[in-house]
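# Notes for the structure review
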Amino acid sequence: MRPRELTLEGFKSYRTSTTFDWRDRRLVGIVGPIGAGKSSILDGISFALYGKTPDVERDTKTLIHQLCDQCHVELRFEVDGQTWRAVRALRRKGQAGHQLELLDGDEPGAAVLERIMGERAVNDRVEQLLGMDFKAFCRSVLLAQNRFHEFLRATPGDRDRVLKGVFGYDRLDGAQRTAKLRLDAIGLELGALEKERTRIDEARTQLEAARAEAAAAAHQLGRLRDAAADVERLGKERDAAAGEVEAAEVRLSVLRDITKGLPAQEEVDAALTAAGTAEERVAEAQRALEVSTQERSRAEAELADVTSRLGDRRRFRSFEALVHTHQTQVREVERLSAGAAAAELAAAEAERGAAERAAEVEAAGAEAERARAGAATAGAALDAARELLQAAQHAEMARTLRRDLHAGEPCPVCDQAVHAVPRLAGAPKVTAAERALAAATKDLEAARALEERAASTRTAAETSAAAATAAIATAADAATAAAEERGRAQAALDATRSQLVGWLGEEGEIEALFDAREAELTAAEEAASAAAAIVQDRRDALDRAKELVAGAAQGLAALASRLAGSWGRLGRDDAVAPDAGSVAAAFGTLREAIVVAHDEAVGRGEEARRHADRAASDLAAVLAGVDLAPSADFAAALAAAGVRSGAADAHVTELESTIQRAGDLEANVLDAESRRDVADRLTRDLQPSRFLAFLLQEERAELAELGSEHLDQLTDGSYRFSQDDRFDIVDLNAADQVRRSESLSGGETFLASLALALALAQMVARGGGRLDAFFLDEGFGSLDPDHLQRAMEGIGRLVAGDGGRLVVLVSHVAEMREAMEDLIVLAKHDLTGDTVVLGGAALA
C-alpha cells in the first residue's frame, strides 16, 4: 500500500479542508509544536483505511472537530498497481458514510470502475487489499505514538499474522480453502456415483417383478373398460331416484322453516293490545308538555330581570379580569413597599460602612509611618555593624602579619627593613562582628517587610473607603427609585378600584361583592337551564308515545307481511290486510295448510327411496364383478387403473435404461477417486501447521538475522535478537545473556523496535511484498545525538533501497528537522487551537 493523497476536513484539529500530496515524496518529516496536529495526519490515514485510529476504535464521533457538525476524510492510495479511493464521513447526528472506489487511474477525473458501500463491506475489502487487519497494520506500517514497540512485544501468533499479511501468505489460506472445497465436492460426486451403483443393482433385482406388475395392471384395465356402460346406466337411475328423495326432503325442510317462521299466539295478542293503549299515552304526554312550557317561561323572565340589573355573562367575564388585575396590583404595591423600606435600610448601612472605612484608612496610615521609622532605625544599625566588622577584619590582618615579622628582615608587605617588632595587641573579635552584622541584616529585612505590609494595608483601606463612598450614592439612588416605583403602582391600584366600585355600586371588599353578584346571575341561569331541560324531557316523552302508536301499527303490518310471505312459500298468492281480524283469520288457515302439505311430501319421499335402493343394489352387483366395493368411485378406479398400467410400463422401461448405464459407471468412479486423492493431499499439505508454518519460520529467522544487524549497528554492538519466536534480546556486553525486551530502557526499546521495522521493510523490498509505506510517530526524543544520527542513517538506507517507498516521520526533535529536507511544517492557532499549515500541504 502506497498513499497518493490525503484530505482532512473537520477532522480533529483540522477544521478547514487540508490536502497532503504524497506523490514523488520519499522521506517526509512532520514537525511542529505539541498539539499542532502532527499525529492527526497518521490518524487520518488509519481512519480512511479502517474506520478507526490507534487511540479511538469505538466512539469515533470524538474525532469530529469541536466546532464542526461533521468531518470528511479521503485517502487515495495504490495497491498492486491499482488506484483506490477510500472516503469516510462522520456526523454528530445521523449515520456515518463509508465508501471505497477502484479508479481507472490517478488523475483527478478518473472514472470509477468499482464501488463498495457500507462500513463492514469497506473494512473487509481493505483488509483483503492490504493483506492485514487493523492490528497488523498498526504493528508494521503505522507505528503510532507510544505504540512503536507493539511488534517487538507482540505474541508469536500476532507477529505471524503481520508477516502473513506483509508477505502475502494469507493467499495460502485461500488456496487451502479452495482445496478443501474441491475435496468436499469430489466427495459429493463419489457419493452420487455410489448411489447410482446401488440403483443399478436394485434395478436388476426389480425388473422381473416390474414386468409382472405391468401385465396385471393391463388385465385389470380391460375388465373395467368392459363394465363401464352398465355402471353408467345404473348410476344414472340411482342418482335420479336420489334426486327425488332429496327434493322431498327439501320440501319438508321448507315446511319446517315456514312453521318456525310463524308468529306465536302471544306475539299476535301483544300487537293488538299495544295498538289499543298507544293513543292514551300520547294524550297524557301532551298535557305534561304544556305544564313544563309554562314553568320555563317564568324562569326565563326571572333571568332577563337579573341580566338587566347586573349584565350578561360576557360582561361578568370582563369585570372578572378587572378583579384579577386588582388582586395583582395589591400584591405589587405590597412588594414595592417592602422593597422601598429595604432600599432605605441599605442607604443607611452604606453611610455607616463609609465611616468605618475612613477610620481604617487613618489607622493604616499611622501604622505605615511607624513601620517606615523602624526600617530607618534598622538601616542605621546595619551600617554601624558593617563598620565594626571592617575594623575587626583589619585588626585580625595585622595580628596575622606580626607573626612573620623579625627584626632586621624586610617586611613581607612593604619590603622595608623591620627595626623593631610591634607589641602584640589584643585578639580581634571578627566572629562576633560577623554575627552582629547578620543580625542587623535580618532586622532590616524584617523592618522592610513590615513596611511593605503596612503600605499594602493602607492602599487596600483607601480602596475600600472609596468603594464605600461610591456605595452611598448608589444606595440613595436605589431608595429614590424604589419609592417612585411604589407611587406609580399605588396610583394604578387606585384607578382599578375606582372602576370596580363604579360597577358594583358600593364600597366594600371587592372580591366578596363580585362573588355575590356572580352567584345571583348563576342561580338565575341554572333555573332557566333546568326549566328548558324539563321541557325537552316532556317533548321527548311525547315523541316516544307517538312512536309507540306508529310501532303498534308497524307490528300489525309486519305480522300481515309475514303471514302473506308464508302463503307465498306454500305456493299461494293470498293477501293479508294489516288489521287485527285479518291477521287472526290468516294465522289459523295457514297452520292447517302446512299440515296437509307435510303429509304429501312424506309420501313422495318414501316412493323415491324405494326406487333408489333397487338401482343401488344392481350397481353393487356390477362393481363386485370387477372387484370394486359398492361405494367405490368407478371413474376414479378406471383412471387409476390406466395410470397404474402406464406407470408400470414406464417403470419397466426405466429399469432397463438404468441397467444399460452400468458400463460407464466404473470409469467415472475411478476418475473421481483419482481427483479426490490429489485434493486430499493439497488440503493436508496447505494446513497452517505444515507448509505455512515452514514459510513463517523461515521469515522469522531472516527477520531476526537482519534485525540483529541493524540493532548491532544502532547500539554500538551491544545487542542482537535471539533466534526464537519471541525475539528476545541478546546482551553482548553481559556474556550473551538473553533478556526479555521488556527489560530495555525507553531509548533501547525504541532502537530495538526500529531495527525490526527496518529489517521487515528490507525483507519486503527483496521479496516484492506489500509494505510500500512506513509511518513513525515520535520516539526519537529518547535518543542521544549519536544514536539519533544512526537511526536517521538506517531510515535513509530504507528509503534508498526502494525507489517507490514512502517513509513519514512525526517528531518535534530539532535535530530531526535539520536532518530532513522534505518537511510538513505545522503550527497551532493561539486562540482556537486549530492546526495551521505553514508548509508542505495544500489548503482548500
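Residues numbered from 1 in each chain as written. Predicted model: local features only at pLDDT ≥ 70, side-chain atom pairs only at ≥ 80, totals over all residues. Heavy atoms only, no water.

This part takes up the overall build of the protein. Counting secondary structure elements, the protein contains 17 helices and 16 strands. Of all 844 residues assigned to the protein, the portion counted as buried reaches 38%. Restricting to contacts in the protein with at least 6 residues of sequence separation, those with at least 24 account for 70%. On the protein, roughly 46100 Å² of surface is accessible, and the fraction owed to carbon and sulfur atoms is 53%. (Helix = DSSP H or I, 4+ residues; strand = E, 2+ residues; numbered from the N terminus. Buried < 20%, exposed > 50% of the residue type's maximum accessible area, 1.4 Å probe, protein only. Contact = heavy atoms within 4.5 Å. Areas by Shrake-Rupley, 256 points an atom, 1.4 Å probe, with all protein chains shown as cover.)

The next subject is the sheet that holds strand 11 (residues 737-739). The strand order across the open sheet formed by three strands is 9-10-11, and the pairing between neighbours is antiparallel. The two strands at the open ends of the sheet, each matched to only one other strand, are strand 9 (719-721) and strand 11. When strand polarity is set aside, the average angle formed by the axes of neighbouring strands in this sheet is 35°. Pairing of strand 10 (residues 729-731) with strand 11 involves three bridges; the strand directions are antiparallel. Its bridge partner being in strand 11, Ile 729 is matched across the sheet by Arg 739. (Pairing = 2+ DSSP bridges. Axes fitted to C-alpha atoms, helices over the stretch in contact; angles between N-to-C directions.)

Moving on, we come to helix 6 (residues 228-261). For helix 6, spanning 34 residues, the distance from its first C-alpha to its last is 48 Å, which sits close to the expected 50 Å at 1.5 Å a residue. Here helix 6 has its buried residues at Val 231, Leu 234, Gly 235, Ala 241, Val 245, Ala 248, Leu 252, Leu 255 and Ile 258. (Expected span 1.5 Å × (residues − 1).)

This part covers the packing of aromatic side chains. Scanning the entire structure with this criterion turns up four aromatic pairs. On the basis of an interplanar angle of 80° and a centroid distance of 6.0 Å, the ring pair of Tyr 14 and Phe 20 is categorised as edge-to-face. With a relative accessible area of 1%, Tyr 14 lands in the buried category. Using a relative accessible area of 0% as the deciding quantity, one classes Phe 20 as buried. With a centroid separation of 6.2 Å and an interplanar angle of 20°, the aromatic rings of Phe 20 and Trp 22 are classed as stacked. Comparing Phe 20 with Trp 22, the two get one shared label, buried. (Phe/Tyr/Trp six-rings, centres within 6.5 Å; stacked < 30°, edge-to-face > 60°.)

Let us look at the pattern of salt bridges. Going through the model one piece at a time under the given rule, you end up with 35 salt bridges. Its salt-bridge partner being Glu 332, residue Arg 335 comes within 2.4 Å of it at the nearest N-O pair. One end of the pair, Arg 335, and the other, Glu 332, are both in helix 8 (residues 313-402), three residues apart, so they sit about a helical turn from each other. In this structure Arg 335 comes out as partly exposed when scored by relative accessible area, which is 47%. For Glu 332, a relative accessible area of 28% gives the class partly exposed. Two residues, Glu 367 and Arg 370, come together in a salt bridge whose shortest N-O distance is 2.4 Å. A residue pair is termed a helical-turn pair when its members lie 3 or 4 positions apart in one helix, as Glu 367 and Arg 370 do in helix 8 at three residues. Classification of Glu 367 by relative accessible area gives partly exposed; the value is 33%. In the salt-bridge network here, residues are joined through shared partners; they are Arg 4, Glu 5, Asp 21, Arg 23, Arg 76, Glu 78 and Asp 106. (Salt bridge = Lys/Arg side-chain N within 4 Å of Asp/Glu carboxyl O.)

Moving on: the environment of Val 626. Inspection of the secondary structure puts Val 626 in the loop between helix 11 (580-625) and helix 12 (634-660). Along the chain, Val 626 and Ala 227 lie 399 residues apart, while their C-alpha atoms are 7.6 Å from each other. The residues touching Val 626, leaving out its near neighbours within four places in the chain, are Gln 220, Arg 223, Leu 224 and Ala 227.

Residues Trp 22, Leu 49, Phe 77 and Leu 130 are the most contacted members of the largest nonpolar core, which totals 51 residues. Broken down by element, the residue count for this core peaks at seven residues, all from helix 1 (residues 38-50). Look past the residues within four positions of Leu 49 in its chain and what remains in contact with it is Met 1, Leu 75, Phe 77, Arg 88, Asn 123, Val 126, Leu 130 and Phe 137. Counting 36 residues, the second largest nonpolar core, distinct from the first, contains Leu 706, Ala 757, Phe 774 and Leu 823. (Core = buried A, V, L, I, M, F, W, Y, C linked by side-chain atoms within 4.5 Å.)

Tracing the sequence through the fold places Gly 276 in helix 7 (residues 265-310). Sequence-wise, Gly 276 and Ala 552 are 276 residues apart; in three dimensions their C-alpha atoms are separated by 8.6 Å.

The contact between helix 6 and helix 11 brings their axes to 8 Å, and the two run at 160°. Overall, the two elements helix 6 and helix 11 adopt an arrangement that is roughly antiparallel. For the pair helix 6 and helix 11, the crossing hand works out as left-handed. Its residues assigned to classes, the contact of helix 6 with helix 11 comprises 20 nonpolar, five polar and nine charged. (Parallel < 35°, antiparallel > 145°, perpendicular 65-115°, else oblique. Left-handed = near helix turned anticlockwise from the far one by under 90°. Nonpolar A, V, L, I, M, F, W, Y, C, P; charged D, E, K, R; others polar.)

Mean pLDDT over the protein: 80, with 89% of residues reaching 70 or higher. Averaged pLDDT values over the elements of the protein bottom out at 64 in helix 4 (residues 156-167) and peak at 96 in strand 5 (residues 82-91). (pLDDT = per-residue confidence, 0-100.)

Attention now moves to helix 2 (residues 119-130). A rise of 1.5 Å per residue sets the reference length of helix 2, with its twelve residues, at 16 Å; its end C-alpha atoms lie 16 Å apart and thus fit the reference within 8%. Gly 131, located one to two residues past helix 2, shows a positive phi value of around 75°.

What follows concerns the side chain of Asp 731. Here Asp 731 is to be found in strand 10. Setting aside its immediate chain neighbours within four residues, Asp 731 contacts Ser 718, Tyr 719, Asp 736, Gln 737 and Arg 739.

A few words on the state of the cysteines. In the structure shown here, the tally under the stated rule is zero disulfides. Of the cysteine sulfurs around Cys 68, a residue in no disulfide, the closest is that of Cys 71, at 8.7 Å. Overall, Cys 71 belongs to the buried group, its relative accessible area being 3%. (Disulfide = S-S within 2.5 Å.)

Looking at the element boundaries, Arg 25 is found in the loop between strand 2 (18-21) and strand 3 (27-31). Owing to a relative accessible area of 11%, Arg 25 belongs among the buried residues under this scheme. Looking at Arg 25, its side chain comes within polar contact range of the side chain of Asp 822, at 2.8 Å. Reaching out from Arg 25, the side chain makes a polar contact with the backbone oxygen of Gly 840 at a distance of 3.3 Å. (Polar contact = N/O pair within 3.5 Å; in protein donor to acceptor, adjacent residues only side chain to side chain.)

Backbone geometry at Lys 12 places phi at a positive 55°, although glycine is not the residue there. Looking at the element boundaries, Lys 12 is found in the loop between strand 1 (2-9) and strand 2. Judged by its relative accessible area of 29%, Lys 12 falls in the partly exposed class. For Asp 80, which is not a glycine, the phi torsion comes out positive at approximately 50°. Mapped onto the secondary structure, Asp 80 falls in the loop between strand 4 (70-79) and strand 5. A relative accessible area of 62% places Asp 80 in the exposed class.

For strand 5, a buried count of eight out of ten residues is recorded, marking the element as mostly surrounded by other parts of the structure. As paired elements, strand 4 and strand 5 share ten bridges and run antiparallel to each other. Across the sheet, the residue bridging to Glu 78 is Thr 83, located in strand 5. Two successive antiparallel strands, strand 4 and strand 5, enclose a turn made up of two residues, where Asp 80 displays a positive phi of approximately 50°. As paired elements, strand 5 and strand 6 (residues 97-103) share seven bridges and run antiparallel to each other. Pairing of Ala 89 across the sheet is with Gly 97, part of strand 6. In textbook terms, the turn of a hairpin is the stretch between consecutive antiparallel strands, and for strand 5 and strand 6 this stretch comprises five residues, one of which, Gly 94, has a positive phi near 110°.

For strand 6, the buried fraction is high: five of the seven residues fall into the buried class. Judged from the five bridges that link them, strand 6 and strand 7 (residues 112-117) form a sheet pairing that is antiparallel. Paired with Gln 99 across the two strands is Met 117, which belongs to strand 7.

The next thing to look at is the environment of Ile 594. You can see Ile 594 is positioned in helix 11. Along the chain, Ile 594 and Trp 567 lie 27 residues apart, while their C-alpha atoms are 9.4 Å from each other.

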